[in-house]
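# Survey of secondary and tertiary structure
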Number of protein chains: 2
Amino acid sequence: MDAENKLQNEGQSLEAQVKAFFDSAPPLNSSHEITQKLNQFIQRNSSSSARRIVCVTSGGTTAPLEQRCVRYVDNFSSGHRGATSTEYFLKAGYAVIFLYRRGSFQPFCRSLPEDPLLECFEPTNDLNIQVRKDYSEAVKSAIVDYHTAVAGGHLLKLPFGTIFEYLQMLQIIGISMRCIGQRAMFYLAAAVSDYYVPWKDMLETDSSILLKKANAALEKYKMHAVVANELSTRKEQVVVTTGVDNITVLRDNSEPANDVEKPLIKLLSERHATYIEDSGR
Amino acid sequence: MDAENKLQNEGQSLEAQVKAFFDSAPPLNSSHEITQKLNQFIQRNSSSSARRIVCVTSGGTTAPLEQRCVRYVDNFSSGHRGATSTEYFLKAGYAVIFLYRRGSFQPFCRSLPEDPLLECFEPTNDLNIQVRKDYSEAVKSAIVDYHTAVAGGHLLKLPFGTIFEYLQMLQIIGISMRCIGQRAMFYLAAAVSDYYVPWKDMLETDSSILLKKANAALEKYKMHAVVANELSTRKEQVVVTTGVDNITVLRDNSEPANDVEKPLIKLLSERHATYIEDSGR
């Protein structure tokens, strides 16, 4: 990574580094809504009681390598420390602003498997659903404890992904918390990337070379077909390249909730059947 | 990234590149179990019927930058294409081996929110739980359809994280699928990293500099305390550095299911109370 882009550039003052970071960052989505939620949360926890408020940050941050980001450098963290600490801060009487990486561990869910919906529930004989016996206590307390904290107004969850979102949201939280003075605490458990690529320097991918690349892959890896798509239209349209023909497959928009995968898998399944038949001759 | 480590090195034959990759890869965990599961799955779908079998790969792959990996380059993909295609392959009568990135989209769960357990369920008045009305159909069909596919022996899910795990598992699947000939299909929807850092070249972090770094951070960022931990013992022990003292906080192992966060948050909460009190004088 380019030394110029390091967050901690030895040649610059800390203030200059901070300014350079925020100047280079892409605009944060819905910053107005976030500020509103924060102000309501802080006011609610200040009006009736002078509750202490902690901002817990949790999980890894990503440094994108492209503007329409596919590749990024991730500073991995499961978020276990942040989620667990949030539970204990709530028990200790704090209100918690939980600034977490999307997909990281959530408070009250630590003892559950990774995919709790599919792993903790099972169908009954009458095609209803029930919690598996092994997980009944853990699932119930996760849902009850979580909703109690949220409904009680003591837990505000704010998700982030990139280093840009993380630091911009942390700045907003810092400004919103000013009014409560020493009652505020920042407990920064997120794994923060120590560099970033300035937004304006990121290269975009060229969509015009899509079919050329698909055909090159077909030949190089000796495949029967390549399904090519552009990032922006990937849910509406794909092109199946076989070396002999290019078939454009479109989502059927005449019915609601249709997927482009429906005609795509139909096409591939039919081609596969023909291939099996031809091989057997 | 070093051009030497590119998967597609122009100077080498494809075979030599493949060999270099597998030679450099760290050993795959539980490869024996994976092979067993695969063989059972393939046999089950071949004995009574000659069902076609597709291996669907899904989600992004990571290229680790360290052996005990914290930082990695990720080739992001939500896994939507792979999960959706899996549903349609099952409907088309295929058995599906779903090789997916941990945390990516799962078949039958597309219409649910990101965190279905906490978002789709709510506590009842008697502190039991129920599905929220808006999600009742989506949740029920996700669980029923998923379990029907798994219980019917038509869906085998295998998770991966790194590019090493992905390609090693794909190789095992390829070998296991040989016996079914043309009935096999590979539908490779995963976003595969086009480079990697050879395992032996990765640098390890030095744990001896932990407290030195913690103290430097304390000073540079003007914080009141830094909680320092080593990766391997982070759930048992942390050191709280305040510039005045270093307090080692240990998990209480006398009770089961205890967390190091319990005494840690107690300590921080007490210090915070003292700080508020002192500020008010």
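Residues numbered from 1 in each chain as written. Chains lettered and ligands numbered in written order. Predicted model: local features only at pLDDT ≥ 70, side-chain atom pairs only at ≥ 80, totals over all residues. Heavy atoms only, no water.

So, about the sheet that holds strand β7 (residues 155–160) of chain B. Strand pairing in a sheet takes place through backbone hydrogen bonds and is either antiparallel or parallel in direction. All names here are of chain B. In space, the 4 strands of this open sheet follow the order β7-β4-β1-β8, with parallel pairing throughout. Each edge of the open sheet is held by one strand with a lone partner, namely β7 and β8 (184–188). Adjacent strand axes in the sheet meet at a mean angle of 15° when their direction is disregarded. Taken together, the 6 bridges between strand β1 (residues 53–58) and strand β4 (residues 95–101) define a ladder with parallel strand orientation. Of the residues in β4, the one forming a bridge with valine 54 is valine 96. Seen against the sheet, helix α6 (residues 163–177) touches β1, β4, β7 and β8 and runs at an angle of roughly 165° to β8. (Pairing = 2+ DSSP bridges. Helix = DSSP H or I, 4+ residues; strand = E, 2+ residues; numbered from the N terminus. Axes fitted to C-alpha atoms, helices over the stretch in contact; angles between N-to-C directions. Contact = heavy atoms within 4.5 Å.)

To continue, consider the interface of chain B and chain A. In this complex, chain B contributes 73 residues to the contact, which on the side of chain A involves 73 residues. Its largest share of buried area at the contact with chain A, chain B owes to Arg81, Leu117 and Leu118 of chain B, together 11% of the area lost on that side. Counting every contact that joins chain B to chain A gives 4 salt bridges. Notably, a salt bridge pairs arginine 110 of chain A with aspartate 259 of chain B, separated by 2.8 Å at the nearest N-O pair. Mapped onto the side of chain B that touches chain A, the elements with two or more residues apiece are β3 (71–75), α3 (80–91), α4 (116–120), β5 (121–123), β6 (129–131), α5 (136–151), β8 and α8 (261–280) of chain B. Among the elements that make up the side of chain B that touches chain A, the one with the highest residue count is α8 of chain B (11 residues). Of the residues contributing to the side of chain B that touches chain A, the split by class is 38 nonpolar, 14 polar and 21 charged. The pairing of strand β3 (residues 71–75) of chain A with β3 of chain B spans 5 bridges and is antiparallel. Across the sheet, the residue bridging to arginine 71 of chain A is asparagine 75 of chain B, located in β3 of chain B. (Buried area = accessible area lost by both parts, 1.4 Å probe. Salt bridge = Lys/Arg side-chain N within 4 Å of Asp/Glu carboxyl O. Nonpolar A, V, L, I, M, F, W, Y, C, P; charged D, E, K, R; others polar.)

As a further point, take the pattern of salt bridges. Enumeration according to the criterion identifies 22 salt bridges over all chains in this entry. Among the salt bridges present, the one from glutamate 236 of chain A reaches arginine 251 of chain A, with a minimum N-O distance of 3.8 Å. Of the two residues, glutamate 236 of chain A sits in the loop between β9 (226–228) and β10 (237–241) while arginine 251 of chain A sits in the loop between β11 (246–250) and α8 (261–280), which places them 15 residues apart along the sequence. On the basis of relative accessible area, glutamate 236 of chain A is assigned to the partly exposed category, the value being 32%. Look at arginine 251 of chain A and you get partly exposed, because its relative accessible area is 27%. Aspartate 245 of chain B is the salt-bridge partner of arginine 271 of chain B, the closest N and O atoms lying 3.5 Å from each other. Of this pair, arginine 271 of chain B sits in helix α8 while aspartate 245 of chain B sits in the loop between β10 (237–241) and β11 (246–250), and the two are 26 residues apart along the sequence. By relative accessible area, arginine 271 of chain B is classed as partly exposed at 40%. Here aspartate 245 of chain B falls in the partly exposed class, since its relative accessible area comes to 26%. One salt-bridge network, in which partners are shared between bridges, spans Glu87 and Arg110 of chain A together with Asp259 of chain B. (Buried < 20%, exposed > 50% of the residue type's maximum accessible area, 1.4 Å probe, protein only.)

Read these as geometric descriptors, not functional statements.
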